[in-house]
Amino acid sequence: MALYYIDIEENSYQELISVDSSHHVYSKKGNARECLKRIVKTQVSEESRPNMRIFTNLNTLDARLGEKTIIIQEYISVSGGWIRCAFIPVEKNADGRNKKVICTFRNITAEKATMGIQDNLIQALAVSYENVYAINMNTGEAVCYRMGQTMSDRYGTKFAAGNYDRNLSAYIDNDVFEEDRHLFDDVRTVAGVSTLLEDKQAYYFNYRVFRNSEMQYFQCQIVKPLRERKEFAVAFKNIDEEKKKELAQQKKIEDALTAVERTNETLKDEMEIANALSKEYPDVTLINFEEDSATTLKKNGNLIPKDKRVSRHSYNTTWDYYISKYVVDEDKKKLKDAVSVQNVLRALEESDEYVCNYRVNYDESGTHYFQAVFIRIYFWAHIGKLDYSGIPKCRFDRGRRKKTYQNFGDTK
């Protein structure tokens, strides 16, 4: 590092600090213009010399400084390292012109390497995000690394550079869905981001924008690539497609849970009906017409515990076996037609209950009169069988329910 105190009007300089080889080459005071020329000629790489000749020209320095507090030029030295040269005004003459300045030279090779790492990290961020900006936390100035086509078409170069606070506020006010604007409260200003990143390296959130009468989902990501640098990156991308897929999947899960709850309620109602039927019907069977299955809930007057109901068989097979073994010959064909899936469903579309009366040769005691009752529960039905000789045809009644009867033979 080297630091020189220069009097432009007197064309003199005095070396204040020097920790490199320059003080071995030049005296500690002397002609300022000649000193700067020799530095450019002997210390600056060939490709950087044109710019450095212009930058170190003391004849034009006052005009270039103006009211600025500092001007900077970076260059590559003859040894290949990066050097930053700066002029800082310290005194003006009576005419208001810059009279005395400090000229500094500082090796920034390590800093450049760090900046390269940061650039690589930000460039990596730009691979998956359509709009990426690097923000200087000291000045609030933004540098655009990548701008998507949609943003470019909508705003042109408005957000290509400029003040972060001002640009982000304009974006929020113009694009972000009003109900989601509060999500930006912590990142709306550089000061807010600085506080947010004190204890974390990155922060992101999803929000919605309203464009062309359509709601879309976006994501904002804030990243501080290197903690030792006062910079952060902010990136935006459209996640509408993936978010809507996620919402659709979530709805499927919610619908499934609703269906389970509905099924549980249905099963609860079924058990209430089964218990009611069980008071007078010795045999109760649960029928699922869609699956063509039958599950026995009660047999020979005994309720079957839920964990013991393992007998599931075809509805049609159940009736075929029962009719062929027990029903009297005269009623077999009529009953088989009456309890067919087609006829049962047709009857239950018109009525809440469908009753079939028939006769069986149950044992050696002779003919008995039986009743099959189908009760519609949503898309399900029950069968109850009862020897109703000498008692009402159907004792079970859930209020005013419309009933359909099928009678075969002398049913008394």
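The preceding data block contains the structure.
Residues numbered from 1 in each chain as written. Predicted model: local features only at pLDDT ≥ 70, side-chain atom pairs only at ≥ 80, totals over all residues. Heavy atoms only, no water.

1. Concerning the packing of aromatic side chains
By convention here, two paired aromatic rings are described through the distance between centres and the angle between planes. Condition: Centres within 6.5 Å make a pair out of two Phe, Tyr or Trp rings, where for Trp the six-membered ring is used; the pair is then stacked when the planes are under 30 degrees apart, edge-to-face when over 60, and tilted otherwise. Put simply, DSSP marks the helices as runs of H or I at least four residues long and the strands as runs of E at least two long, and each gets a number from the N terminus on. Under the scheme applied here, a residue whose accessible area is under 20% of the maximum for its type counts as buried, over 50% as exposed, and between as partly exposed, the area being computed with a 1.4 Å probe on protein chains only.
In total, this model carries 16 aromatic pairs according to the counting rule given. Taking the centre distance of 5.5 Å and the plane angle of 45° together, the rings of Tyr322 and Tyr326 count as tilted. Pair noted here: Tyr322 and Tyr326 are both in helix 10 (residues 315-326), with a separation of 4 residues, about one helical turn. On the basis of relative accessibility, which here comes to 23%, the residue Tyr326 falls in the partly exposed class. Chaining the aromatic ring pairs together yields one cluster made of Tyr171, Phe184, Tyr203, Phe205, Tyr207, Phe218 and Phe236.

2. Quick word on the pattern of salt bridges
Pairing is possible between side chains of opposite charge, provided their charged atoms come close. For the record, the criterion: Only one rule defines a salt bridge in this text: a Lys or Arg side-chain nitrogen within 4 Å of an Asp or Glu carboxyl oxygen.
A full pass over the atoms with the stated rule returns 13 salt bridges. The closest approach of N and O atoms between Asp62 and Arg97, which form a salt bridge, is 3.7 Å. With Asp62 in helix 4 (residues 58-65) and Arg97 in the loop between strand 5 (82-92) and strand 6 (98-107), this pair connects stretches of sequence that are 35 residues apart. Across the pair Glu241 and Lys245 runs a salt bridge, and its minimum N-O distance is 3.7 Å. Here the residue Glu241 and the residue Lys245 both occupy positions in helix 9 (residues 240-278), the gap between them amounting to 4 residues, near one helical turn. For the pair shown, Glu241 and Lys245 are each scored as exposed.

3. Thoughts on the sheet that holds strand 11 (residues 214-223)
Stated precisely, the cut-off is as follows: Only when DSSP finds a minimum of two bridges between them are two strands counted as paired. Axis angles are defined between N-to-C directions and span 0 to 180 degrees, where every axis is a line fitted to C-alpha atoms and, for a helix, only to the segment in contact. Whether two residues are in contact is decided by their heavy atoms, any of which lying within 4.5 Å being enough.
Reading across the sheet, the 6 strands line up as 9-8-7-12-11-10 and stay open at both edges, with antiparallel pairing between neighbours. Both outer strands of the open sheet, strand 9 (161-163) and strand 10 (202-211), are each paired with one neighbouring strand and no more. Taken pair by pair, the neighbouring strands of this sheet meet at an average axis angle of 25°, ignoring direction. Here strand 10 runs beside strand 11; their pairing, made up of 10 bridges, is antiparallel. Bridge pairing in strand 11 links Val209 to Gln216. In the packing of helix 7 (residues 164-175) onto the sheet, the strands contacted are strand 7 (131-136), strand 9, strand 10, strand 11 and strand 12 (231-238), and the crossing angle to strand 9 comes to about 95°.

4. Quick notes on helix 12 (residues 341-350)
For clarity, the threshold we go by: Summarising the geometry, the arc corresponds to the directions from the helix axis toward the C-beta atoms.
All of the buried residues in helix 12 are Asn343, Val344, Ala347 and Leu348. Down the axis of helix 12, the buried set is contained in an arc of 130°. They therefore lie on one face. Residues of helix 12 that are exposed and angled more than 90 degrees away from the buried face: Gln342, Glu349 and Glu350.

Structural measurements only, silent on function.
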